[in-house]
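Topology and contacts: notes
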Amino acid sequence: MAARSVERRRSNRMDYREFTVIVFCLGLSLNLCSCQTYTLNDEGGLGRVFDGIGGLSGGGATSRLLVNYAEPYRSQILDYLFKPNFGASLQILKVEIGGDAQTTDGTEPSHMHYENDENYFRGYEWWLMKEAKKRNPNITLIGLPWAFPGWVGHGKNWPYDFPDITAAYVVNWILGAKQFHDLDINYIGIWNERNYDSKYIKVLRNMLDKVGLTGVGIIAADGDWSIAKSMIVDPHLSDSVDVIGAHYPGTTTVMEALKTQKKLWSSEDYSTFNDDEGGGCWARILNQNYVNGNMTATISWNLVASYYEELPFGRDGLMTAEEPWSGNYVVESPIWITAHTTQFTQPGWTYLQTVGHLAQGGSYVALTDGKGNLTLVIETMTHNHSVCIRPPLPPFSVTSQNATFQLNGSFASINELQVWRSQFNFKTKQPSFFEKMTPLKLLDGSFTLSLAEDEVYTLTTITTGRKGSYPDPPPSARFPKVYKDNFNVQNPPFSEAPDFADQTGVFEYYINLTDPGPHLFTLRQVLTERPITWVADADQTISVIGDYQWQNLTVTCDVFMESVMTGGVFIAVRVDKGGQSVRSAKGVFFWVFADGTYKVTNDLTGQAVLAEGLSGTRAYGWHTLSLTVKGPYASGLLNGYPLWKNAVALTPKNGWAAIGTRSFELAQFDNFAVVAE
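Bear in mind that the values here come from a model prediction, so they are computed numbers and not experimental data.

About the thresholds
- In this convention, every chain numbers its residues from 1, walking through the sequence in written order.
- For a predicted model such as this one, the threshold for reporting local features is a pLDDT of at least 70, and the threshold for listing and counting side-chain atom pairs is 80 or more; totals across whole chains, interfaces and linings nevertheless cover every residue.
- Processing note: side-chain calculations cover all non-hydrogen atoms of the structure and skip hydrogens and water entirely.
- To qualify as a helix, a DSSP run of H or I must reach at least 4 residues; to qualify as a strand, a run of E must reach at least 2; elements of each kind are numbered from the N terminus.
- The globule rule used for comparison is 2.2 Å times the number of residues to the exponent 0.38, while the radius of gyration itself is calculated over C-alpha atoms.
- Exposure categories follow from relative accessible area, calculated using a 1.4 Å probe and restricted to protein chains: below 20% of the type maximum is buried, above 50% is exposed, and the middle band is partly exposed.
- Should any heavy atoms of two residues lie within 4.5 Å, those residues are considered in contact.
- Exposure was quantified through the Shrake-Rupley algorithm and a 1.4 Å probe, taking into account, for residues, occlusion by the shown protein chains and nothing else.
- As used throughout, the charge tally considers Lys and Arg to be positive and Asp and Glu to be negative, leaving His and the chain termini uncounted.
- Taken as the charge centre is NZ of Lys, CZ of Arg, CG of Asp or CD of Glu, depending on the residue.
- To form a nonpolar core, buried Ala, Val, Leu, Ile, Met, Phe, Trp, Tyr and Cys residues must be joined to one another through side-chain atoms within 4.5 Å.
- By definition here, a salt bridge exists when the distance from a side-chain nitrogen of Lys or Arg to a carboxyl oxygen of Asp or Glu is within 4 Å.
- Paired strands, in this sense, are two strands between which DSSP finds at least two bridges.
- For helices, the axis comes from a line fit to the C-alpha atoms of the stretch in contact; other axes are also lines fit to C-alpha atoms, and the angle between any two N-to-C directions lies between 0 and 180 degrees.
- Each patch is built from residues lacking any salt bridge and having more than 30% relative accessible area; the joining distance is 9 Å for like charges and 5 Å for nonpolar side chains (Val, Leu, Ile, Met, Phe, Trp, Tyr).
- A cavity, in this analysis, means grid points on a 1 Å lattice covering only the protein atoms where a 1.4 Å probe fits yet has no way out; a pocket is instead an open set bounded by protein on both sides within 12 Å along at least five of seven lines, and a residue lines either one if it has an atom within 4 Å of a point.
- Grid points are joined across faces, edges and corners, and a volume is the space filled by probe spheres set on the points.
- Any residue outside Ala, Val, Leu, Ile, Met, Phe, Trp, Tyr, Cys, Pro, Asp, Glu, Lys and Arg is labelled polar, Gly included; the first ten of those are nonpolar and the last four are charged.

Things to note about the overall build of the protein chain
- A tally of helices and strands in the protein chain yields nine helices and 39 strands.
- Relative to the 2.2 N^0.38 estimate, which gives 26 Å for 677 residues, the radius of gyration of the protein chain is 27 Å and therefore close to what a compact globule would have.
- Principal-axis analysis of the C-alpha atoms gives the protein chain an extent of 95 × 55 × 40 Å.
- The proportion of buried residues among the 677 residues of the protein chain is 62%.
- Long-range contacts, defined as pairs at least 24 residues apart, comprise 72% of the intrachain contacts of the protein chain with a sequence gap of at least 6.
- For the protein chain, the accessible area works out to roughly 24,500 Å², and carbon and sulfur atoms hold 51% of it.
- Charge centroids of the protein chain, computed over 53 positive and 69 negative side chains, lie 3 Å from each other.

Concerning the side chain of Ser626
- Note on placement: Ser626 falls in strand β35 (residues 622-630).
- Contacts of Ser626, omitting those with residues within four sequence positions, involve Thr554, Val555, Thr556, Ile571, Phe590, Ser635, Gly636 and Leu637.

Description of the nonpolar core
- Judged by nonpolar contacts, the single largest core of 177 residues is most densely connected at Phe82, Leu93, Ile188, Leu204 and Phe672.
- If we skip the residues at most four places from it in the chain, Phe672 touches Tyr483, Lys484, Asp485, Phe487, Phe500, Ile545, Val555, Thr556, Cys557, Ala657 and Ile659.
- Of all hydrophobic cores here, the second largest spans 24 residues; its members include Tyr38, Tyr364, Leu374 and Ala403.

With respect to the pattern of salt bridges
- Within the structure shown, the criterion is met by 22 salt bridges.
- With its nearest N and O atoms 2.9 Å apart, the salt bridge here joins Arg205 to Asp209. Residue Arg205 and its partner Asp209 are located together in helix α4 (residues 198-210), separated by four residues, close to a single helical turn.
- The class of Asp209 is partly exposed, set by a relative accessible area of 34%.
- Residues joined in a network through salt bridges with shared partners are Asp79, Glu131, Lys134 and Arg135.

Quick look at the sheet that holds strand β12 (residues 297-301)
- Read around the closed barrel, the eight strands follow the order β5-β6-β7-β8-β9-β10-β11-β12; overall the barrel is parallel.
- The sheet contact formed by strand β9 (residues 217-223) and strand β10 (residues 243-247) spans four bridges and is parallel. Paired with Ala221 across the two strands is Gly245, which belongs to β10.
- Of the strands in this sheet, β5 (52-57), β6 (92-97) and β7 (140-145) touch helix α2 (residues 125-135), which is tilted by about 170 degrees from β6.
- The strands touched by helix α8 (residues 276-293) are β5, β11 (263-270) and β12; relative to β11, the strand with the most contacts, the crossing angle is about 165 degrees.

Description of a nonpolar patch on the surface
- Side chains of Val564, Met565 and Tyr620 sit close together on the surface and give an oily, nonpolar patch of about 370 Å² of accessible area.
- By the element assignment, Tyr620 lies in the loop between β34 (609-614) and β35.
- We classify Tyr620 as exposed; its relative accessible area is 51%.

Quick look at the sheet that holds strand β3 (residues 36-40)
- Ordered by their spatial adjacency, three strands build an open sheet running β3-β19-β23, and the pairing between neighbours is mixed. Because the sheet does not close on itself, it has two edges, and the strands there are β3 and β23 (446-451). In this sheet, adjacent strand axes meet at a mean angle of 25 degrees when their direction is disregarded.
- Bridge analysis of strand β19 (residues 401-407) against β23 gives six bridges, and the strand direction is antiparallel. Opposite Phe405, over in β23, you have Phe447 as the bridge partner.

What about helix α9 (residues 333-342)?
- In terms of residue burial, α9 counts as a mostly covered element, since 10 of its 10 residues are buried.
- Along α9, the residues classified as buried are Ser333, Pro334, Ile335, Trp336, Ile337, Thr338, Ala339, His340, Thr341 and Thr342.

Let's talk about the layout of surface pockets
- Volume-wise, the largest pocket comes out at about 390 Å³.
- Lining the largest pocket are 19 residues, with Asn119, Pro492, Tyr509, Tyr510 and Ile511 sitting closest to its centre.
- With four residues, the top contributor of residues to the lining of the largest pocket is strand β27 (residues 507-511).
- Computed from the structure, the second largest pocket encloses a volume of approximately 240 Å³.
- Around the second largest pocket, the lining is made up of 14 residues, and of these Glu310, Glu322, Glu323, Trp325 and Arg478 lie nearest the centre.
- When the residues that make up the lining of the second largest pocket are grouped by side-chain class, the tally is six nonpolar, two polar and six charged.

By themselves these figures say nothing about function.
Here's what the structure looks like:
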């Protein structure tokens, strides 16, 4: 997504004078000014309770590459996200309850692949929650399903037909979090961005209460605000729901949601490329979700862009960490925009009623802890430089302006405020983020700011703010051209092999006890049934890896089919699509089947055949496949001998390497290797 550059006037001079009152001001010049006055007051009561700002890991597989970072870089990334008074200092972590299905950028494994199967060590969300909790013991934890294993729906793509089964599946995840990881889940969702079912919500609430999880709140319905109408006419449903959560609400709510008197959250928001314009979008959302919509929590999709950038919504996270092989990561502007609020407030603080829009555009919010502390956050983001991808908003204007703030009520005695400033400087392309300025002296509770376009200010009584930093990480580097993995990890820290990004199906480390020889430790595709999908999963399973720019390369892998009659596996190169578009992926796919045949296709569906014939391959025997592509020509070896050569594949020109299976079936892979030019 290209950065947009629009010239605009900026004023770098800050004026602080109101009539004859002179105040000290950030060490800059003082001048007379004509100002709009905004009062910050608690005498008439307070607004809603602030619930926090957070990030979302999942929906799906958006933290996939993070777990493969070596130390100290992995811990540094986590500190920028979660460590209080250091970086974003996130107060909420929402994670996907893995459902074995493609949910945007990949699949996340379920804790119950099958009805009689429970494993609470799959995937990386458990690890991520523990790391977040280690840094911030008070962080709010939320779980939400995007998809479900197929057995939950008894073959139907609808989990609500069997509400008791679906509720038990979700409750087991919450219980497993506590039993195996000592994690207390605070809130649970229903089904991401799908129609809600009132009966299911009531069943879930009842089951939570029966097993002693009375403190776990339900968020519904993680779509639009429509559930509010049902809650108004259904007291039982209203009693079951603790928070109304909407996705991408455009900073507004509806009257029915307000009438419920429930907490209102933007339970998924942002979803914007994380350059500085994305930071501007985030700044505007964080203030105006409350000013316009009374929303007391905002959660970013996604937490950290830690997936292959060419997958859907590349680099949409609060920061970027997509190169575990190099150790490079980038702390993006949304981290520091988040810090403007999170480092100077806490969940449980309360918004003042005196919040609103600035006369010449922008907005301000103020919060208090009820103990004399006050935090004011101001943003003046322009439409040209703070566009959010969804939903697109109508044009709005912001111009430079002077603003006087008068502190009344219990805040009238405040005589000094700490000042933190971010300036995007789109015209000069020399931004500065989260800079600590000279404390501001107040006289009679009044101060004046000269606000330019595209700025964020925090003025606060809190003195603990800090712009954390680490030495620069290693420089960015392409994925290594020579790569090998024999999966010989006896006690793997995670269930998935490094750098493989499952797009349909689940590929897990496996101990092959039937073969104690060279293939004792393998990677196994474990799904045998299509899950209840969130998007259109492919009919085949596939996991991609490597450099999307790869063109000429050789991929080698040992394969083992476990389906006697219908088994089939492939290795592939130049795979050009994943995520929600995986069904239409093109590339060069070398298939072998349990019936003794092979096929070479230009697509994942196996319809565009480039070559085919007899292979002699069978189930329950290891075979070594090798696929070489150079220019438009592809050739393949089976067990070291040429099986076919010079098949012509004119497109695509580049893409990932991949492994996969013909259908949802058990199959194993070992000794994967890539040599790229």
